[in-house]
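# Notes for the structure review
Below are the chains, spelled out letter by letter.
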Amino acid sequence: MGTNLDSQAEIADLRRRIEELQQANHSMRLLIEMLSYLQAAEDLETTLRIILTCVTSGYTLGFNRAFLFLHDDGKLTGVMAVGPGDAAEAGKIWRDLEVSTNALEDVIATCRMGGSYGDRHLTELVKSIVFDVGTNPSILARCVSECVPFVMEDASCLAPGDVVNKLEPKAFACVPMVSGSKAIGLILADNNITCKPPTEEQVNLLKMLAWQAGQIVEKARYQEDIKRRLQELSTLNEVSKGILSTTDLEADLTLIARISAQVLNARGAVVRLVDDGSLVTKAVYSRTLADVTPGGDECADAIAERVASEGLPALINNAGEPDFQPGSGYRQNLMCVPLSKAGKTIGTLTVFDKMSPESLGDSGFTKEDFRFLSVLAGQAAIAIENAKMFERLKQKEEHIKELHRHLLRSERLAALGEVSSQVAHEIRNPLTAIGGFARSIRRNMEEDNPDAKALDVIISETARLERILNEQLSFAKLSPPNPKLEDINTVISETLQLLSEAIASRKANLELDLSEDLPHVYIDADKMKQVFINLMQNALDTIDEGGRIGIGTNRFDRTIEIRFANDGPPIPKHLLDKLFVPFATTKAGGSGLGLAIAYEIVYEHGGTIDVRSEEGIGTIFLITLPLVIDGDRRKGPVDRRSQIRDRRRGRMP
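Cut-off values and rules
- Residues numbered from 1 in each chain as written.
- Predicted model: local features only at pLDDT ≥ 70, side-chain atom pairs only at ≥ 80, totals over all residues.
- Heavy atoms only, no water.
- Phe/Tyr/Trp six-rings, centres within 6.5 Å; stacked < 30°, edge-to-face > 60°.
- Helix = DSSP H or I, 4+ residues; strand = E, 2+ residues; numbered from the N terminus.
- Buried < 20%, exposed > 50% of the residue type's maximum accessible area, 1.4 Å probe, protein only.
- Pairing = 2+ DSSP bridges.
- Axes fitted to C-alpha atoms, helices over the stretch in contact; angles between N-to-C directions.
- Contact = heavy atoms within 4.5 Å.
- Parallel < 35°, antiparallel > 145°, perpendicular 65-115°, else oblique.
- Left-handed = near helix turned anticlockwise from the far one by under 90°.
- Nonpolar A, V, L, I, M, F, W, Y, C, P; charged D, E, K, R; others polar.
- Core = buried A, V, L, I, M, F, W, Y, C linked by side-chain atoms within 4.5 Å.
- Expected span 1.5 Å × (residues − 1).
- Polar contact = N/O pair within 3.5 Å; in protein donor to acceptor, adjacent residues only side chain to side chain.
- Disulfide = S-S within 2.5 Å.
- Salt bridge = Lys/Arg side-chain N within 4 Å of Asp/Glu carboxyl O.
- pLDDT = per-residue confidence, 0-100.
- Patch = residues over 30% accessible without salt bridge, like charges linked within 9 Å, V, L, I, M, F, W, Y side chains within 5 Å.
- Areas by Shrake-Rupley, 256 points an atom, 1.4 Å probe, with all protein chains shown as cover.

### Quick word on the packing of aromatic side chains
All chains considered together, the criterion is met by two aromatic pairs. An angle of 35° between the planes, with centres 5.4 Å apart, marks the rings of F532 and F564 as tilted. Taken together, the residues F532 in helix α14 (residues 525-542) and F564 in strand β16 (residues 559-566) connect sequence positions 32 residues apart. Per residue, the accessibility class of F532 equals that of F564, and both read buried. Centroid distance Y599 to Y603: 6.1 Å. Interplanar angle 20°. Geometry classified as stacked. Here Y599 and its partner Y603 are both found in helix α16 (residues 594-604), four residues apart, which amounts to about one turn of the helix.

Rendered as structure tokens:
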């Protein structure tokens, strides 16, 4: 009898061992199968989702919910969660599982497509948990710092202030993910819906999965870091190529803004440069027009001002922080780094609104993003300074070309003046004799004489030729001005007195707009009167009887302007570029020297003369003369590429 009982006990013990072996074998097969899918994961996000899906799948561990935290630099951060948001969603999921396959392959395929609404809700919840392990007494902190698991059948024993309470667990297991000798994170799995305590089998399998997952996650993070660094190198290479391919400052700034936003997966980027002591927005890139607020973002501008003044970068991932309150909450996060060259801050580079994958929620910018932007800013500063240097060289080159053109023009005009002087002297004496004899004969001739009209023509044409010769002699005898401080308004008034009879005979409507309190300018008054006479005579010859002539003066930063406008017919466009060339004229019988003389006189005064002529506007001549500033007068011509062409030339004064 005793022998029979012993045999039955041995058989029961043998069956128990067989069941344990079968269970262990099943657990090992499940673990191997789960690890095979984890090893095949393409990125860190997929790796984490597969881990949590394996924890919650009924085919494997069968927990209701799973939460994953990562440990880095002494901080524990919630990253991802999988599970139903409530009992209703859980019931739907379980009903669907009853009619579908329980193969892990199908479960993993479903998880690769992204989680359910409940997953996103739980992920947002767990991502809100971030704390310092060394100062927080939570059971999560102990799990990581001590590298030991915790199993609780009833969460009521948790301390009231424990952050785990935020997840509202009912019965849970918390196990560390270990790589090498340190915990890189933890998995918290619970049965919030069923409230069933975790079984020993679930806990043991969770421990084995967490231990293996720790090494896989660490490897995935390492690979992500390598991929990110390769991307950084590729991007920096693109920036370098952009620097080599263009020396245009605007193009460089646009390229820097675009690359910064695209590589960092941000909604937009802004490049600001220091200009005359102020920080000015120079380039903006955005994914859509809606990503840029009308009138700019005052808070982001203030942060950029602070970064530029202090030379220290800023990383802000919480729109609720005291120094980051854009009112509407438009900017959720931003990074701003200084653009520095040789220790001098020349601007700032800002990227805003990190676009994280939907499944991971709004995680904001990372330290790696911050480091990359800082490196990119260094390259960008070099590109900007190179472009600025090239622009300065281009401006100097244009100035040299302008001086060269004027030198060639002066040489041609000098030769032309010498020839004109010789020809004029040879013709002047016989022409004066012809004119004198013709006028003498005409005075003694009866009015009814049939030759009177012919003689009048001779006298008129002789006078015209004498006038042309006088202009040629004046052009040939152009001498450097003898400048003195003069009131330009007074010079204009004296010129108008000399032309009063001509203005009255033409019945011209003269409109004056002379600015008061203009500073005196260094000019040769007699030569400048000649310029004004030539321009007035040109206007009187152009307008119809009773037409309008406007004269105005204005002061600007370093110059004064004199405008001569008339409402006569516009000058043909093909003649505008030749208007100041000697002998180029739009008037029948004109010598074409009046405007050429005016050009030379103004140029010798260090100024410019320009013209605009359009239908409906009339013709406007604009003279710009340099002012005396701090005892210094600009020498040489005013830069013709300045804003002179755009200032107040579109209207009659």
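### Considering unusual backbone geometry
You will see that C195, though not glycine, has its phi angle at about 65°, which is positive. Relative to the helices and strands, C195 is located in the loop between β6 (182-190) and α7 (200-245). The partly exposed category is assigned to C195, whose relative accessible area is 41%. Even without being glycine, N265 reaches a positive phi, approximately 55°. Tracing the backbone through its elements, the reader meets N265 in the loop between α8 (249-263) and β7 (266-275).

### Remarks on the sheet that holds β16
In spatial order, the strands read β13-β15-β16-β18-β17; together these five strands make up an open sheet with mixed pairing. Where the open sheet ends on each side, the last strands, each with one partner, are β13 (509-514) and β17 (608-614). Taken over all neighbouring pairs, the strand axes of this sheet differ in orientation by 10° on average, direction set aside. Of the pairings in the sheet, the one linking β17 to strand β18 (residues 618-626) comprises seven bridges and is antiparallel in character. Bridge pairing links V611 to F621 in β18. Set on the sheet, helix α12 (residues 488-498) makes contact with β13, β15 (548-555), β16 and β18; between it and β15 the angle comes to about 165°.

### Section: the packing of α12 against α14
Helix-helix packing is characterised by the crossing angle of the two axes and by the distance between the axes. Packing of α12 against α14 brings their axes to within 9 Å, and their N-to-C directions diverge by 55°. It follows from the interaxial angle that α12 and α14 lie oblique. Relative to α14, α12 is oriented so that their crossing is right-handed. Where α12 approaches α14, its residues I488, V491, I492, E494, T495, L496 and L498 are matched on the opposing element by A525, M528, K529, F532, I533 and M536. Residue classes in the contact of α12 with α14 are distributed as 10 nonpolar, one polar and two charged.

### A few points about the sheet that holds strand β8 (residues 278-286)
Judged by pairing direction, the sheet is antiparallel, and its five strands sit side by side in the order β8-β7-β11-β10-β9 without closing on themselves. Sheet topology places β8 and β9 (314-316) at the edges, where each strand pairs with a single neighbour. On average, each strand axis in the sheet is inclined to that of its neighbour by 20°, with strand direction left out of account. Relative to strand β10 (residues 334-341), β9 runs antiparallel, the two being bridged by three bridges. When the sheet's bridge partners are listed, A314 is paired in β10 with C336. Sitting on the sheet, α8 is in contact with β7, β8 and β11 (344-354), with an inclination near 145° to β7. Against the sheet, helix α9 (residues 298-310) touches β7, β8, β9, β10 and β11, its axis set at about 35° to β10.

### What to know about the nonpolar core
Ranked by internal contacts, the top residues of the largest apolar core, which has 41 residues, are I488, V531, F532, I623 and L625. Looking at this core, the element that brings in the most residues is α14, giving eight residues. In contact with F532, other than residues within four places in its own chain, are I488, V491, I492, T495, I562, F564 and I623. Within the second largest apolar cluster, 29 residues are counted, among which are C54, V175, M177 and V217.

### What to know about the environment of L431
Among the secondary structure elements, L431 is positioned in helix α10 (residues 367-443). Placed 31 residues apart in sequence, L431 and T462 show a C-alpha to C-alpha distance of 6.9 Å.

### Side note on α16
Burial of α16 is extensive: nine of the 11 residues sit out of reach of the surface. Turning to α16, its buried residues are L595, A596, I597, A598, Y599, E600, I601, V602 and Y603. Following α16 by one or two positions, G606 adopts a phi angle in the positive range, close to 80°.

### A word on α14
Taking 1.5 Å of rise per residue, 18 residues should cover 26 Å, and α14 covers 25 Å from first to last C-alpha, within 8% of that figure. Listed in full, the buried residues belonging to α14 are A525, K527, M528, K529, V531, F532, N534, L535, M536, N538, A539 and L540. Capping of α14 at its N-terminal end is provided by D524; its side-chain oxygen lies 3.2 Å from the backbone amide nitrogen of D526.

### Points about the state of the cysteines
One pass over the full model with this rule turns up zero disulfides. Between C174, a free cysteine, and C143, which holds the nearest cysteine sulfur, the sulfur-to-sulfur gap is 3.5 Å.

### Remarks on the side chain of T350
With respect to the helices and strands, T350 occurs in strand β11. With residues up to four places along the chain from it excluded, the contact list for T350 reads G268, A269, V270, R272, L334, M335 and C336.

### A word on the pattern of salt bridges
Going through the model one piece at a time under the given rule, you end up with 13 salt bridges. The salt bridge partner of E494 is K529, with a shortest N-O separation of 2.8 Å. Residue E494 is found in helix α12, and its partner K529 is found in helix α14; the two are separated by 35 residues along the sequence. Its salt-bridge partner being E511, residue R548 comes within 3.0 Å of it at the nearest N-O pair. With R548 in strand β15 and E511 in strand β13, the pair connects residues that are 37 residues apart, well separated along the chain. Of the residues examined, E511 reaches a relative accessible area of 29% and is grouped as partly exposed.

### Things to note about the confidence of the model for the chain
Residue-level pLDDT values for the chain average 76, and 73% of them are 70 or greater. Predicted confidence for residues 319-329 stays below pLDDT 50, and this span has 23 contacts to residues more than four positions away or in other chains.

### Concerning a nonpolar patch on the surface
Nonpolar side chains collect at one region of the surface, where Y222, I226, L230 and L233 lie side by side and expose about 440 Å² of accessible area between them. Relative to the assigned elements, I226 resides in helix α7.

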